[in-house]
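Now for the letters of each chain:
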Amino acid sequence: MTELHGFIIAASDWPDDIKLQMGKGSLGTTAAEAWRRHIGPSHAGDNREFSTRVQRWSDMGYKPYRVVLAFDERADLLEQVAEILRGEK
């Protein structure tokens, strides 16, 4: 199984499933990369503005969470059957 270790940015008061759902757009291999993705490229270039924005988001309860994305290369037989029945294959 192939894995990617990284970080997402999410609010600390969200349930874990919501953290993953809402934070997936900020997935980065480092916490800094995740913050840059979360803040957006137009604000991430200037280091002074970047640190100010990270502080603002942190003050609102957002923080980096360590995540592992795993590719399961095994074929899921039930999903394959469902795709055939739905006419997707």
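Look up a bit, the structure's there.
Residues numbered from 1 in each chain as written. Predicted model: local features only at pLDDT ≥ 70, side-chain atom pairs only at ≥ 80, totals over all residues. Heavy atoms only, no water.

Participant: When you look at the nonpolar core in this model, what are you seeing that I'm missing?
Facilitator: Among soluble globular proteins, nonpolar side chains are generally buried collectively. Listed in full, the 9 residues of the largest apolar core are Phe7, Ile9, Ala11, Ala34, Trp35, Ile39, Phe50, Val54 and Tyr62. Within the residue set of this core, elements represented by two or more residues are β1 (2–11), α2 (31–39) and α4 (47–59). Not counting chain neighbours up to four residues away, the residues in contact with isoleucine 9 comprise Gly23, Ser26, Ala31, Ala34, Trp35, His38, Tyr62, Lys63 and Pro64. (Core = buried A, V, L, I, M, F, W, Y, C linked by side-chain atoms within 4.5 Å. Buried < 20%, exposed > 50% of the residue type's maximum accessible area, 1.4 Å probe, protein only. Helix = DSSP H or I, 4+ residues; strand = E, 2+ residues; numbered from the N terminus. Contact = heavy atoms within 4.5 Å.)

Participant: Would you take a moment to explain the side chain of lysine 19 for this structure?
Facilitator: Within the fold, lysine 19 resides in helix α1 (residues 16–23). Residue classification places lysine 19 among the buried positions, given a relative accessible area of 11%. Sequence-distant contacts of lysine 19, that is, excluding residues within four places in its chain, are made with Ile8, Ala10, Ala11, Ser12, Trp14 and Tyr65.

Participant: Would you explain α4 in this entry?
Facilitator: For an α-helix, the turn length of 3.6 residues means that residues three or four places apart are oriented alike. Taking 1.5 Å of rise per residue, 13 residues should cover 18 Å, and α4 covers 18 Å from first to last C-alpha, within 8% of that figure. Just downstream of α4 lies glycine 61, where phi reads positive at about 100 degrees. (Expected span 1.5 Å × (residues − 1).)

Participant: Would you mind showing me how to read the packing of α2 against α4 here?
Facilitator: Packed helix pairs are specified by the crossing angle of their axes together with the interaxial distance, meaning the distance between the axes. Look at α2 against α4: their axes get within 11 Å of each other, and the N-to-C directions meet at 85 degrees. Here α2 is positioned roughly perpendicular relative to α4, judged by the angle of their axes. Counting all contacts with α2, which are made through Ala32, Trp35, Arg36, His38 and Ile39, the residues of α4 involved are Asn47, Phe50, Arg53, Val54, Trp57 and Ser58. Taken together, the residues of the contact of α2 with α4 sort by class into 6 nonpolar, 3 polar and 2 charged. (Axes fitted to C-alpha atoms, helices over the stretch in contact; angles between N-to-C directions. Parallel < 35°, antiparallel > 145°, perpendicular 65-115°, else oblique. Nonpolar A, V, L, I, M, F, W, Y, C, P; charged D, E, K, R; others polar.)

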